[in-house]
Amino acid sequence: MNREVTLPLIVDDRGTLQVSAADVSKLLRTVGGRWVRLVEGGESGLDEDTVAELAIELAKLADRIDVACIAHSSGTAT
């Protein structure tokens, strides 16, 4: 299974970036955290184990985005 993810950047017609990687990683963590809080609050219809796994995967993806950005900005990207 290929675990590589490519996220297209959202740019306007002048090529200006509209969504930063920091915003994307923050959004991923926020969504996962919100799901976990819904389960903790007793929201019916949500499987606790599934929500936990999804939140973990979103956090991992956010971490990968952050690491890639750090590597790129420090000049160590391969």
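Residues numbered from 1 in each chain as written. Predicted model: local features only at pLDDT ≥ 70, side-chain atom pairs only at ≥ 80, totals over all residues. Heavy atoms only, no water.

Visitor: Is there a simple way to think about the pattern of salt bridges in this case?
Guide: Pairs can form between side chains of opposite charge once their charged atoms are near each other. If you walk through the whole model with that rule in mind, you get three salt bridges. Note that R29 is salt-bridged to D63, the shortest N-O span being 2.4 Å. Here the residue R29 occupies a position in helix α1 (residues 21–40), and D63 occupies one in helix α2 (residues 48–74), the gap between them amounting to 34 residues. Given the relative accessible area of 33%, R29 is considered partly exposed. Here E57 makes a salt bridge to K60, at a shortest N to O gap of 3.3 Å. Remark: K60 and E57 occur in helix α2; sequence separation between them is three residues, near one turn of the helix. (Salt bridge = Lys/Arg side-chain N within 4 Å of Asp/Glu carboxyl O. Helix = DSSP H or I, 4+ residues; strand = E, 2+ residues; numbered from the N terminus. Buried < 20%, exposed > 50% of the residue type's maximum accessible area, 1.4 Å probe, protein only.)

Visitor: Please clarify how the packing of α1 against α2 should be interpreted in this entry.
Guide: Between two packed helices, the angle of one axis relative to the other and the distance separating the axes together describe the packing. The contact between α1 and α2 brings their axes to 9 Å, and the two run at 165°. When the interaxial angle is binned, α1 and α2 end up roughly antiparallel. Crossing of α1 against α2: the hand is left-handed. Across from A21, V24, S25, L28, R29, V31, G32, W35, V36 and V39 in α1, the residues of α2 making contact are E48, V51, L54, A55, L58, A59, L61, A62, D63, I65, D66 and C69. (Axes fitted to C-alpha atoms, helices over the stretch in contact; angles between N-to-C directions. Parallel < 35°, antiparallel > 145°, perpendicular 65-115°, else oblique. Left-handed = near helix turned anticlockwise from the far one by under 90°. Contact = heavy atoms within 4.5 Å.)

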